[in-house]
Each structure stands twice: as structure tokens, then as C-alpha cells.
Amino acid sequence: DKLGVALVGLGYYSTDLLAPALQQTKNCYLAGIVTGTPAKAEAWKKKYNIPDKNIYNYQTFDQVANNPDIDVIYVVLPPSMHKEYVIRAANAGKHVWCEKPMAISAGECGAMIDACKKNKRSLAIGYRLQHEPNTQEYRKLVKQNKLGKVLKASCGAGYVENRTDHWKQNKALGGGVLYDMGVYAIQGSRLGTGLEPVGVMTAKTSTNRPQIYKNGLDETTTATLAFPGGIMVDIKTSFGENINYLNINCDKGEIKVAPYQAYAGVIADSPLGQINHPYTVPWQQAKQMDDDATSIIQEKPMLVPGEEGLRDIRIVEAIYKSAATGRPVEI
Ligand code: NAD
């Protein structure tokens, strides 16, 4: 039987990617929605044939505990709201999927993990690239030392954000590019080396648009992360520039992934040839949700559990600390 998924927050990602992907999934389907906007509830109800009893707002949300149609709550809200809704979902007895960045502090991530453990519910973070076949294949090259050891790497994730008054520019809601796109660059450093960073050597936050990125909020962040064995990884993330690469320098040549993060078309070139398994949008999101639904059905661990989201938020905190103090920070 397919698992019933309810999306919480019907913004861009739910509307354009997740709901269409849930029309392709085999192990789960769009069973319900949670929205504060009655007009959206009406439109989604018609478009996706969602029964009234599976439509909630933020006040009625906790009643989902009594709804056997809903097995999984997928939290697709601004980052500052992830903690509250993940915990409410777990306390309602539901499995939880949560978008990246997991939350805005490591403490919040810990509370989310604890709430899911206490309720014996699964928690997965929406790092879709970890489910992506091209990504999985270049990671295997690294893991199996096919090009020798990793010497250094660099990763960039950014796009030109033209909105000026979105949660991405609001610190209280989880804004700042390091949370939003920076976690992709952090993931690139970890997936590309197959290792966990031990420290931040140096970091810098900046903006060219201080009237939009106010009070020191980062529009662009750069950092050098230190990994075991002296491996250094330079990362860059920006709302002012289209950048999308992961370069992994190994003993016997370089793996170049570009675009490194995309809904389709992730390609990795190396002296061993090209990794390029094509598919169309939104297959990647469907694969992610089907993988996670299968793990729940089979009572297996999530491919990308809460602990994985927490790792990145710890690194985010260390990068901000290094940028603020001008000093290296241990992780
Ligand atoms: P969005 O702004 O388009 O949507 C956010 C939704 O939250 C809106 O429907 C909004 O009405 C609702 N909301 C409820 N309370 C709110 C409040 N107080 N302030 C602002 N909005 C409020 O954002 P999005 O791009 O859909 O992003 C949502 C989440 O999904 C974020 O965590 C983001 O990082 C993540 N995301 C992930 C990917 C991915 O590839 N994995 C892509 C895009 C977004």
C-alpha cells in the first residue's frame, strides 16, 4: 500500500516540484495538505482531488494525529519554522520529511531528532542529491579510490536571487545564503571528499546589496574547510552569482561535476569517462520520496536521516563563527 504524504507549506517547492513528483511516485502519494491560505486549499483540492478531511491549516494541524490517511508529513516551510512543524508532526505520530536546511541551529536539529526518536518515527531531510544516480556514482569513484586519494576540492552553489523581500532575506525566518544554498556547498565538500570536516580555516560573509541583505546578513559566503589528512575544500555560495560546480582533485586526475546541483542534468567528468544518467524533472524528487517511503515501509534507516541535516548545521554555525571572529574554528 502506498504511504499517504501531506505537504506543509504550499510555496514554490511544493507547488512546482513535490506535488508533481508525488504524481509519479510508486510507494507514496499526495494524500493531504496543510496551508494557511484558504484559496490555495481550494485550488489544490480541485487539482489533486484531495478530500476535505485531509486538508488542514496551521491551527488544526495537530488533528492529523487522528487521520489514518496521512502517514508522512513533509515540512516545506521557511527554515525557522521547520523545528516546530517537525516536532508537532512527530508528536502526532507521523513520520517526517523535512526540507533543507534542517533548521537554523544545531540545538533545534537535536530537538527535532529527539522528538522523532521519542515517538519512534522516521525523520528524513530533503537532500535530493543523495538519492540522485549521477551523484551516487561519482561518490563511489571517490569512496573506492578509483583516481587515488583526494588532494583538495572546491564547491560552489549559487544563483541570482532577484526577490528583495523574501524569507531568504529575513534572518528571523532563516534567511542568509549560507543556510539556503550554502548547505549544498557544504554537502559538496563532504560528498566530494567522503570525509567529515574537522574545522573552518577561514570564512567571509559579504553583500553587494546591503539595502536588501541588511544588518550583515550574508548574500555571499566563502570558506575554506579543513578535512582529515590536510585536505582543504574551498566553498562559495551566493545569491548574487550563478555558480554550480564541484571539483575534486585526486592523485590521478580531477572529477568535475557541473552542474553539481540541479533538478536534472547533473554530469560528472573525469579521466575515467563521463557519468551522465539522464532523466527529466521532477523524477529526482520522485526518486527521493519513493526511496524514503520504501525505507519506512521496510522499517529501514533513512538514507538521509536527521543526523545528516544536523552535521551541516553544525558546519554552518562554525562558518558564521569563523567569519565573525576572523579566526579558525574547530568542528
Ligand atoms: P516559498 O517562500 O516559495 O514557500 C514557503 C511557504 O511557506 C509559502 O507557501 C508560505 O505561504 C508558507 N509560510 C507559512 N508561514 C510563513 C511565514 N511566516 N513566512 C513566510 N512563509 C510562510 O519557499 P520555497 O522555495 O518553497 O522553500 C520552502 C522550503 O523548501 C525551504 O526550506 C527551502 O530551502 C526548501 N527548498 C528546497 C529545495 C530543494 O531542492 N530541496 C528547493 C526549493 C526550496
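What counts and how
- Residues numbered from 1 in each chain as written.
- Predicted model: local features only at pLDDT ≥ 70, side-chain atom pairs only at ≥ 80, totals over all residues.
- Heavy atoms only, no water.
- Helix = DSSP H or I, 4+ residues; strand = E, 2+ residues; numbered from the N terminus.
- Rg over C-alpha atoms; globule rule 2.2 N^0.38 Å.
- Contact = heavy atoms within 4.5 Å.
- Areas by Shrake-Rupley, 256 points an atom, 1.4 Å probe, with all protein chains shown as cover.
- Near = heavy atom within 4 Å.
- Polar contact = N/O pair within 3.5 Å; in protein donor to acceptor, adjacent residues only side chain to side chain.
- 1 Å grid on protein atoms, 1.4 Å probe; cavity = no way out; pocket = protein on both sides within 12 Å on 5 of 7 lines; lining within 4 Å.
- Sits in = over half its atoms within 2 Å of the grid points.
- Salt bridge = Lys/Arg side-chain N within 4 Å of Asp/Glu carboxyl O.
- Buried < 20%, exposed > 50% of the residue type's maximum accessible area, 1.4 Å probe, protein only.
- Points joined across faces, edges and corners; volume = space filled by probe spheres on them.
- Nonpolar A, V, L, I, M, F, W, Y, C, P; charged D, E, K, R; others polar.
- Domains from an automatic or database assignment.
- Buried area = accessible area lost by both parts, 1.4 Å probe.
- Phe/Tyr/Trp six-rings, centres within 6.5 Å; stacked < 30°, edge-to-face > 60°.
- Lys NZ or Arg CZ within 6 Å of the ring centre and 35° of its normal.

A. Summary view of the overall build of the protein chain. A count of helical and extended segments in the protein chain gives eight helices and 15 strands. Over its C-alpha trace the protein chain gives a radius of gyration of 20 Å, about what one expects of a compact globule, namely 20 Å for 331 residues. Expressed along its principal axes, the backbone C-alpha trace of the protein chain runs to roughly 55 × 45 × 35 Å. Of the contacts formed within the protein chain by residues at least 6 apart in sequence, a portion of 68% connects residues at least 24 apart. Just so you have it, the protein chain exposes about 14300 Å², and 51% of that area is on carbon and sulfur atoms.

B. Structural context of the site of the ligand. Inspection of the region around the ligand gives 22 residues, with Y12, K100, R128, H166 and W167 positioned closest. One of the backbone nitrogen or oxygen atoms of Y12 is found 2.8 Å away from an oxygen atom of the ligand. Calculation on the ligand without its partners gives an accessible area of 840 Å², and the protein chains cover 80% of this total. When atoms are counted within 2 Å of each cavity's grid points, the one that captures over half of the ligand is the largest pocket. When contributions to the shell around the ligand are tallied by element, the ones reaching two or more residues are α1 (12-21) and α6 (177-193).

C. Summary view of the pattern of salt bridges. Per the stated rule, a full pass over the model turns up 17 salt bridges. K168 serves as the salt-bridge partner of D180, at 2.9 Å between the closest nitrogen and oxygen. Taken as a pair, D180 in helix α6 and K168 in the loop between β7 (150-160) and α6 lie far apart in primary sequence, 12 residues in all. Here the two residues D180 and K168 agree in accessibility, since each one is buried. Each of R190, E196, E308, R311 and D312 takes part in salt bridges that share partners, so that together they form one network.

D. Summary view of unusual backbone geometry. Along the chain, A258 connects to P259 via a cis peptide bond; the corresponding omega equals -10°. Examined against the element boundaries, P259 turns out to sit in the loop between β12 (253-257) and β13 (268-270). The omega angle of the peptide bond from V281 to P282 is 5°, so this bond is cis rather than trans. Looking at the secondary structure, you find P282 in the loop between β14 (273-275) and α7 (283-297). Positive phi outside glycine occurs at N215, with the angle close to 55°. Relative to the helices and strands, N215 resides in the loop between β8 (199-206) and β9 (220-227).

E. Structural view of the layout of surface pockets. Approximately 790 Å³ is the volume attributed to the largest pocket. Residue lining of the largest pocket: 33 residues in total, with Y12, Y13, W167, K168 and D180 positioned closest to the centre. Residues that form the lining of the largest pocket fall into these classes: 15 nonpolar, 11 polar and seven charged. Counting residues domain by domain, the lining of the largest pocket receives three or more from each of domain 1 (3-128 + 285-303) and domain 2 (129-279 + 312-330).

F. Region of interest: empty space enclosed by the protein. Taken as a whole, this structure holds one cavity of 30 Å³ or more when the rule is applied. Residue classes in the lining of the largest cavity are distributed as five nonpolar, one polar and one charged.

G. Molecular detail of the domain arrangement of the protein chain. Domain parsing of the protein chain yields domain 1 (3-128 + 285-303) and domain 2 (129-279 + 312-330). Of note, the centres of domain 1 and domain 2, computed from C-alpha atoms alone, are 26 Å apart. On the domain 2 side, the residues contacting the 22 residues of domain 1 number 21 residues. Roughly 2000 Å² of surface becomes buried between domain 1 and domain 2 when both sides are summed, with 56% attributable to carbon and sulfur atoms. Applying the counting criterion to the domain 1 and domain 2 interface returns one salt bridge. Here K100 and D180 are joined by a salt bridge, their closest N and O atoms 3.3 Å apart. Put simply, domain 1 and domain 2 have 16 residue pairs in polar contact (both at pLDDT 80 or more) between them. Of all the elements in the fold, those that place two or more residues in the side of domain 1 that touches domain 2 are α1, α4 (106-118) and α7. Of the residues forming the side of domain 1 that touches domain 2, the biggest block, five residues, is contributed by α7.

H. Spotlight on the packing of aromatic side chains. Tallied over the entire structure, the rule returns 10 aromatic pairs. Taken together, a centroid distance of 5.4 Å and an interplanar angle of 50° make the contact between W44 and Y48 tilted. Placement of both W44 and Y48 in helix α2 (residues 38-48) is noted, with a separation of four residues, approximately one turn of the helix. Overall, the relative accessible area of 15% leaves Y48 in the buried class. Connected via pairs of aromatic rings, a cluster forms that spans Y12, Y13 and Y263. Positioned above the aromatic ring of Y320 is the side chain of K171, whose terminal nitrogen or guanidinium carbon lies 5.7 Å from the ring centre.

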